[in-house]
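# Topology and contacts: notes
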Amino acid sequence: MKLSVEQHVSDVSQEVAQLQDATRIFEAVKLFDSLPEEERLSAAVLVGKSGGDVERLRADVEETQKLLADLKDETDFKVSADGAYKILYKQEGAYHKFMIEMSIESSLTECMALAWEYDLVKTWNKFCTDTQKLSEPEYLHMFAYSNVWTPWPITQRQLVMKARGFDLLEEHNCVIYLANSEENAPKGSKPLPDGAFSRTYMHCRQSGGVLIPLSPTLTRTRLLFTINPFLPSIPEWLMSTVLGKMLPWVLDMVLHYLQAKFKDPNDVYVLRMKSNCQVYDRLGKRVHDKLDE
């Protein structure tokens, strides 16, 4: 009987690590917590030996639950646009929060690619003068750099960001990604571009979004960006420019690119998805299986 219990703990621990590797973190925590409390310490050690990390798993779940709650909370937001997309805005101290919701006639994997192939963002977003993917240490986990144009007389802003995606298709019928500023990318990452250390950084916290597959060719998304641009105050003309011109232009480009460019088999994103098929095929299969249920 003792051997049977040990084998059960070992099997569960291995499956928890596999689920964590697949970014199915809610399922992983639920399975781990199904073990009796007295067996969890030894199970956590076994999860670690299988490549997982229970402490990080619980932290990721907590952070993800917080973002899910924030994405539903429109308290004190003001509606800036409500048409093909909805834009909401509010200020909290030094941070500016932008919430965006829209439906896109594209697959979830195509929507994911537009954001995840971060080095390609500069090819269509004129406000990002430079975008680079610094490293991709794990499945749906990357560090990225961007330099953002701002109107004169404000100097350009830059951002080093850690982004992590998680498969919540079982629990919330979505893929979620978290985005937060990171002071330094991990060892082995590409170096920052020349001049990066002399520019002003923005700070991003508790940001990210959900992608909800409604059909193989229709995706609903809700995004939240919480940004500190490190300006003593935001002139009214600048915020009007951001909300009335810059952000709508970017969203119009997102819709155009996904609905038009992705139909071209020679488009740079389509080719990139093929070269990174280990990511998009894996994610696409999960979405396909969920829609078939």
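Report follows, based on the coordinates. (Residues numbered from 1 in each chain as written. Predicted model: local features only at pLDDT ≥ 70, side-chain atom pairs only at ≥ 80, totals over all residues. Heavy atoms only, no water.)

## Re the pattern of salt bridges
- A complete count under the given rule lists 22 salt bridges for this structure.
- The partner of D21 in a salt bridge is R282, and the shortest N-O contact between them spans 3.3 Å. Remark: R282 occurs in helix 9 (residues 277–291) and D21 occurs in helix 1 (residues 2–21); sequence separation between them is 261 residues.
- In this structure, the salt-bridge partner of D33 is R58, at a minimum N-O distance of 2.5 Å. Of this pair, D33 sits in helix 2 (residues 25–33) while R58 is found in helix 4 (residues 54–72), placing the two residues 25 residues apart along the sequence. (Salt bridge = Lys/Arg side-chain N within 4 Å of Asp/Glu carboxyl O. Helix = DSSP H or I, 4+ residues; strand = E, 2+ residues; numbered from the N terminus.)

## Some words on the packing of aromatic side chains
- Applying the stated rule across the entire model yields 7 aromatic pairs.
- Aromatic rings pair up to connect W124, Y257, F262 and Y269 into one cluster. (Phe/Tyr/Trp six-rings, centres within 6.5 Å; stacked < 30°, edge-to-face > 60°.)

## As for the nonpolar core
- Grouped together as the largest cluster of nonpolar side chains are 55 residues, with contacts concentrated most on L114, W124, F262 and Y269.
- Of the residues forming this core, the biggest block, 10 residues, is contributed by helix 7 (residues 236–259).
- By size, the runner-up hydrophobic cluster in this structure holds 30 residues, among which are F26, L31, V210 and L224. (Core = buried A, V, L, I, M, F, W, Y, C linked by side-chain atoms within 4.5 Å. Buried < 20%, exposed > 50% of the residue type's maximum accessible area, 1.4 Å probe, protein only.)

## Quick word on unusual backbone geometry
- With a phi angle near 65 degrees, T23 is a residue other than glycine that sits in the positive phi range.
- Within the element layout of this structure, T23 appears in the loop between helix 1 and helix 2.
- Residue classification places T23 among the buried residues on the basis of a relative accessible area of 4%.

## Let's talk about the environment of K261
- Along the polypeptide, K261 turns up in the loop between helix 7 and helix 8 (268–275).
- The exposure class assigned to K261 is partly exposed, which follows from its relative accessible area of 38%.

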